[in-house]
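# A look at the structure
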Amino acid sequence: MLAKRIIPCLDVKDGRVVKGTNFEGLRDMADPVEMARFYNASGADELVFYDITASAEGRNLFTDILRRVASDIFIPLTVGGGIRTLEDFDRVLKCGADKVSVNSGAIADPALIAAAAKKYGDQCVVLSMDVKRLDGQFRLFAKGGREDTGIDAMDWAVRGAESGAGEIVLNSIDTDGVKDGFDLEMLDALAARVRVPIVASGGAGNMAHFAELFTHPGIDAGLAASIFHTKQVDIKDLKRYLRGKGVEMRL
Amino acid sequence: MIAIVDYGVGNLFSLQSSLRSLGLETEVTGEAERLRRAERIILPGVGAFGDARAKLDATRLVPVLLEEAEQKPLLGICLGMQLLFDRSFEYGEHPGLGLIPGEVADLREALDSRRWKVPHMGWNRLEIVRDDPLFRESRRGEYVYYVHSFYARRCEDSVLATSEYGGVAVPGVVRRGNVWGAQFHPEKSGEAGLRLLRAFAEL
């Protein structure tokens, strides 16, 4: 049986890991390569790196970091942030990424997912979405959660999976940074619509939140940032705890 | 020297880095002479079987691989493992290298319920069913990282280890003579994968 996955997410800006609350008020945390090593030793099942830099200089710094991580750590690496074209896929895959996560880039160019899946395979393409409840709908937001697209998020996910996205990361803007638990209602709505692996993001505040998450069989992985970065939750402890609760875990 | 066969399929960055981290000399090559001179050969691969087979044919390395597989350890990884079998039914029917008896079929059709997702993606426990020098450094019940939608079947005599998924004992490691195959990615399976690669380098 497949183990459920625990995934720390590292937002990288100008070569440093940062993580905000409700997407605002970023604060500097640590060196991404050191953190990647730490998480690998703690038993993280995968690492996600988001490049939140805008400048070309920052972008080069990011690919350099990625190359250093991939030369040293041998678990799956997912990379996102600023992925808009096949050239962007190529750039990060050559530096050791295994999966590439698209968000606003797929909204701007809906053909991107299909083109990337055809070239690199479904397993390589991750559709990441920022979703918020609005007008009785799960609404898809773009640009880091700042822009309402007017698109129904669940329809968007179905289209993404049909186009070849091999995995979906669902980040609930409603629960992000609140640390009151994952958005189980939103996640269940997604699991009812797609058959690709689902990574839950946004809302993890303690170990019990992960135990609760994995009682929902359609969810494959839990992703979090600040609670891991601040060592509020240790991944090794979390995985032992979850196994104790009967969740299949790689220890 | 471990030669990694370069036939334009997949990303070899992690495979090469993982071998390097073990202090092993590697070379990514598409040249027959270098494969002949290497002590060991790794056949990597991701993507679709038919496309990979066509690309491998285009390199004209197939006769060299068949010859060298008699002389030295060869390890196929993921799609590289699937290529070792007689044939695959991924989008039509395609001939494999015939180094290990068996065939490659759609995992979706073998699963016992629709609730199992395909690709089989993530960490799964590797159960060793037949001991082998390749497991010399492995521990029992280690988790390894899989990403695949097709699987090897009718290869019972060659199966060394399996992982259970949706009621199917998915062949994880196979062997016939000098030829080994791993369906999962040792270069992405953390310490468990590195132990396997180290054992391969010492065969």
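## What to know about the overall build of chain B
Of regular secondary structure, chain B possesses 6 helices and 14 strands. In terms of overall dimensions, chain B is globule-like: its C-alpha atoms have a radius of gyration of 16 Å, near the 17 Å expected for 203 residues. With the principal axes as the frame, chain B shows a C-alpha extent of 50 × 40 × 30 Å. Within the span of chain B, comprising 203 residues, buried residues form 51% of the whole. In chain B, once contacts between residues fewer than 6 apart in sequence are set aside, the share between residues at least 24 apart is 69%.

## A short note on the overall build of chain A
Secondary structure summary: chain A contains 10 helices and 12 strands in total. Relative to its length of 251 residues, chain A is compact, with a C-alpha radius of gyration of 17 Å against a globular reference of 18 Å. Across its three principal directions, the C-alpha atoms of chain A cover 45 × 45 × 40 Å. Here chain A holds 251 residues, and the buried ones make up 53% of them.

## A word on helix 6 (residues 153-163) of chain A
In an α-helix there are 3.6 residues to a turn, and that puts residues three or four apart on one side. All of the buried residues in helix 6 of chain A are Ala153(A), Met154(A), Trp156(A), Ala157(A), Gly160(A) and Ser163(A). At the exit of helix 6 of chain A stands Gly164(A), carrying a positive phi of roughly 120°.

## Considering the nonpolar core
With 145 residues, the main nonpolar core has Leu66(A), Val100(A), Ile168(A), Leu170(A) and Ala200(A) as its most contacted residues. Those residues in contact with Ala200(A) that lie beyond four places of it in its chain are Leu170(A), Phe182(A), Leu187(A), Leu213(A), Ile219(A), Ala221(A), Gly222(A) and Leu223(A).

## A word on the environment of Gln137(A)
Counting through the fold element by element, Gln137(A) comes out in strand 8 (residues 137-142). Distance from Gln137(A) to Met154(A), taken between C-alpha atoms, is 9.2 Å for residues 17 residues apart in sequence.

## Topic: the sheet that holds strand 14 (residues 179-182) of chain B
Residue and element names in this part refer to chain B. Read from one edge of the open sheet, 8 strands run 2-1-3-4-14-13-12-9, paired in mixed fashion. Pairing within the sheet leaves two strands with one partner each, and these edge strands are strand 2 (26-29) and strand 9 (127-128). In terms of strand pairing, strand 13 (residues 168-176) meets strand 14 through 4 bridges, oriented antiparallel. Of the residues in strand 14, the one forming a bridge with Val174 is Gly181. The strands touched by helix 1 (residues 13-21) are strand 1 (2-5), strand 2 and strand 3 (40-43); relative to strand 2, the strand with the most contacts, the crossing angle is about 160°.

## Looking at the sheet that holds strand 6 (residues 94-95) of chain B
The strands that make up a sheet pair up through hydrogen bonds in the backbone, lying either parallel or antiparallel. Residues and elements named next belong to chain B. The 4 strands lie next to each other as 6-5-7-11, forming an open sheet whose pairing is mixed. Looking at the sheet topology across the chains shown, the edges are occupied by strand 6 and strand 11 (150-153). One ladder, built from 4 bridges, connects strand 7 (residues 103-106) with strand 11; its direction is antiparallel. Counted as the bridge partner of Glu103 is Arg153 from strand 11.

## Focus on the packing of helix 1 (residues 32-42) of chain A against helix 2 (residues 56-70) of chain A
Residue and element names in this part refer to chain A. Between helix 1 and helix 2, the shortest axis-to-axis distance is 9 Å and the interhelical angle comes to 30°. For the element pair helix 1 / helix 2, the angle class is roughly parallel. The crossing of helix 1 and helix 2 is right-handed. Listed contacts from helix 2 to Pro32, Val33 and Ala36 of helix 1 are Ile65, Arg68 and Val69.

## A word on the packing of helix 3 (residues 86-93) of chain A against helix 5 (residues 112-120) of chain A
Residue and element names in this part refer to chain A. Packing of helix 3 against helix 5 leaves a shortest axis separation of 10 Å and a crossing angle of 45°. What the angle tells us is that helix 3 and helix 5 run oblique. With respect to the hand of their crossing, helix 3 and helix 5 are arranged in right-handed fashion. Along its contact with helix 3, which presents Leu86, Phe89 and Leu93, the element helix 5 presents Ala115, Ala116, Lys119 and Tyr120.

## Comments concerning the interface of chain A and chain B
Of the residues lining the interface, 24 residues belong to chain A; the matching set on chain B comes to 24 residues. Residues that form the side of chain A that touches chain B fall into these classes: 10 nonpolar, 5 polar and 9 charged.

## Focus: the confidence of the model for chain B
With 100% of its residues at a pLDDT of at least 70, chain B reaches an overall mean of 96. In the model output, the complex is listed with pTM 0.94 alongside ipTM 0.92.

## Notes on the confidence of the model for chain A
With 96% of its residues at a pLDDT of at least 70, chain A reaches an overall mean of 92. pLDDT under 50 marks residues 21-26 of chain A. Its contacts with residues more than four places away, or in other chains, come to 9 contacts.

## Comments concerning the environment of Phe62(A)
Residues and elements named next belong to chain A. When you line up the elements, Phe62 lands in helix 2. Measuring from C-alpha to C-alpha, the distance between Phe62 and Val18 comes to 13 Å, with 44 residues separating the pair along the chain. Apart from residues lying up to four places away in sequence, Phe62 is in contact with Val12, Asp51 and Thr53.

## A closer look at the pairing of strand 6 (residues 99-102) of chain A
Residue and element names in this part refer to chain A. Side chains of strand 6 alternate between two faces, with Lys99 and Ser101 and Val100 and Val102 buried alike. As paired strands, strand 5 (residues 77-80) and strand 6 are joined by 3 bridges and run parallel to one another. Looking across to strand 6, one finds that Val79 is bridged to Val100. Remark: the strand 5/helix 3/strand 6 crossover connection has right-handed handedness. Pairing between strand 6 and strand 7 (residues 125-134): 3 bridges, direction parallel. Each bridged residue has a counterpart across the sheet, and for Ser101 the counterpart in strand 7 is Val126.

Rules and cut-offs
Residues numbered from 1 in each chain as written. Chains lettered and ligands numbered in written order. Predicted model: local features only at pLDDT ≥ 70, side-chain atom pairs only at ≥ 80, totals over all residues. Helix = DSSP H or I, 4+ residues; strand = E, 2+ residues; numbered from the N terminus. Rg over C-alpha atoms; globule rule 2.2 N^0.38 Å. Buried ≥ 20, exposed ≤ 12 C-beta atoms within 10 Å, placed from the backbone. Contact = placed C-beta atoms within 7 Å. Core = buried A, V, L, I, M, F, W, Y, C linked by C-beta atoms within 7 Å. Pairing = 2+ DSSP bridges. Axes fitted to C-alpha atoms, helices over the stretch in contact; angles between N-to-C directions. Parallel < 35°, antiparallel > 145°, perpendicular 65-115°, else oblique. Left-handed = near helix turned anticlockwise from the far one by under 90°. Nonpolar A, V, L, I, M, F, W, Y, C, P; charged D, E, K, R; others polar. pLDDT = per-residue confidence, 0-100. Right-handed = clockwise from strand over helix to strand, strands pointing away.

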